[in-house]
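What the coordinates show
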Protein chains: 2
Amino acid sequence: METSINISNGKAPLSTSSKAVQQPTRGVKKGIAIGDFIIRLCAMAATMGAAITVGLADQSLPFFTQFLRFQAQYDDIPSLVFFMVANAIVTGYLVLSLPFSVICIIRPLAATPRLLLVIFDAAMAGLTIAAGSASASIIYLAHNGNPNTNWLPFCQQFGDFCQAVSGAVVGSLIAGTLLLFLLILSAFALKRS
Amino acid sequence: METSINISNGKAPLSTSSKAVQQPTRGVKKGIAIGDFIIRLCAMAATMGAAITVGLADQSLPFFTQFLRFQAQYDDIPSLVFFMVANAIVTGYLVLSLPFSVICIIRPLAATPRLLLVIFDAAMAGLTIAAGSASASIIYLAHNGNPNTNWLPFCQQFGDFCQAVSGAVVGSLIAGTLLLFLLILSAFALKRS
């Protein structure tokens, strides 16, 4: 099967000896491409989970007055809105990138789809890490407060909300790390044999 | 074009004509390596400036009581401490990476120093962006506050401090973007052809 793919790649001018040298390289690159696909799926699951968790995190306290309702939701905190939007965008990108990852599995030596993936992966890694760490610093503040600036913590009151958001932030940061790892993998895949 | 790419793969049994084809590739890769060096210098300047600005940002209000001194400094806010440490680390890394970048200019076709740079660049890009956006969300809070969580802004009082830190955050985010761009450049430098 390997040979038939090579022939169909249109590499007619190569001699059989160079093809024999190319085989192990091709196998390694195919392995890298499959790893890329799996990591991409994991990152997609992480960002999707993070976006949904934060979107649904919603806690109301069991008491309220005529004018005040004590409720915590993601849109009370601008960073969390950014977090949700960014993670939704990255999830969408990762879904759209799966076909390109499959192309890289089928044609492990093709450079163009790989370069496309590198460019967008870099942008999305930046977005994911930015969203994750912006929310991490806010949720740290929600847990611990900051006496120097008189910002009081609210996680004692809204424990469930804080826990949900903390989990989502961890998921998003893991996804960002996976995307950076994808970039490194891509560099190895692009390396001349 | 397909054919020329196939030929220039550096396969030993090929004739001398392939060496002539390889020359422009080498020139392009040398250009990429020089661009890498320049961008690295810019990123270094940005992270160094950010770390120093935040480290020196220090504002005291012109009134104080016997027990209270109204002063804003980076170590009042944990995110800013992380910001300064992270930017100092990235500056140190970028200084150490310059020799490797020079090696890539001298030997544009060598893959190993380039791969080393990719691995560490990815980690440092993540660190820079994380530090920048964590501090960005805190400094946004310092500027605008958040009425939903009763976190009041303090930039009216400590305007100079806030301005210095905001500038440093922008510098750090620019450095992070430059590092991601370096990763993309490295992918192009590693590309076969």
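Anything mentioned here points back to the structure above.
Structure report, in brief. (Residues numbered from 1 in each chain as written. Chains lettered and ligands numbered in written order. Predicted model: local features only at pLDDT ≥ 70, side-chain atom pairs only at ≥ 80, totals over all residues. Heavy atoms only, no water.)

Here the focus is helix H3 (residues 78-106) of chain A. Taking 1.5 Å of rise per residue, the 29 residues of H3(A) would be expected to cover 42 Å, and the 43 Å separating its terminal C-alpha atoms lies within 8% of that figure. Of all the bends found along H3(A), the most pronounced is centred on A:Leu98 and spans about 35°, while A:Pro99, a proline, follows it within four residues. (Helix = DSSP H or I, 4+ residues; strand = E, 2+ residues; numbered from the N terminus. Expected span 1.5 Å × (residues − 1). Bend = angle between axes of the 7 residues up to and from the residue.)

The next point concerns the environment of B:Asp160. Tracing the backbone through its elements, the reader meets B:Asp160 in helix H5 (residues 159-190). Relative accessible area serves as the criterion here: at 54%, B:Asp160 is assigned to the exposed category. (Buried < 20%, exposed > 50% of the residue type's maximum accessible area, 1.4 Å probe, protein only.)

This paragraph deals with the relation of the copies chain B and chain A. Under the fitted operation, chain B is carried onto chain A by 0.0 Å of movement along the axis and a turn of 180°, and the coordinates agree to an RMSD of 0.0 Å. In symmetry terms, the pair is related by a two-fold rotation axis. When you check the interface residues of chain B against chain A, 95% turn up at the interface there too, and the contact is symmetric in its surfaces. (Least-squares fit on C-alpha atoms with pLDDT ≥ 70 in both. Contact = heavy atoms within 4.5 Å.)

In this assembly, 41 residues from chain B lie in contact with 43 residues from chain A. Surface buried jointly by chain B and chain A totals about 3,700 Å² across both partners, of which 71% is contributed by carbon and sulfur atoms. At the surface where chain B touches chain A, the tally comes to 12 residue pairs in polar contact (both at pLDDT 80 or more). Among the secondary structure elements, those contributing two or more residues to the side of chain B that touches chain A are helix H1 (2-7), helix H3 (78-106), helix H4 (112-144) and H5 of chain B. With 14 residues, H4(B) is the largest single contributor of residues to the side of chain B that touches chain A. Taken together, the residues of the side of chain B that touches chain A sort by class into 27 nonpolar, 9 polar and 5 charged. (Buried area = accessible area lost by both parts, 1.4 Å probe. Polar contact = N/O pair within 3.5 Å; in protein donor to acceptor, adjacent residues only side chain to side chain. Nonpolar A, V, L, I, M, F, W, Y, C, P; charged D, E, K, R; others polar.)

All names here are of chain A. As enumerated under the stated definition, the model contains 2 disulfides over all chains in all. A sulfur-sulfur separation of 1.9 Å characterises the disulfide bridge that pairs cysteine 155 with cysteine 162. Its S-S torsion of approximately -85° makes the covalent link between cysteine 155 and cysteine 162 left-handed. Each member of the pair, cysteine 155 as well as cysteine 162, is classed as buried. Looking at cysteine 42, it has no disulfide partner, and the nearest cysteine sulfur is the one in cysteine 104, 17 Å off. Using a relative accessible area of 42% as the deciding quantity, one classes cysteine 42 as partly exposed. We classify cysteine 104 as buried; its relative accessible area is 3%. (Disulfide = S-S within 2.5 Å.)

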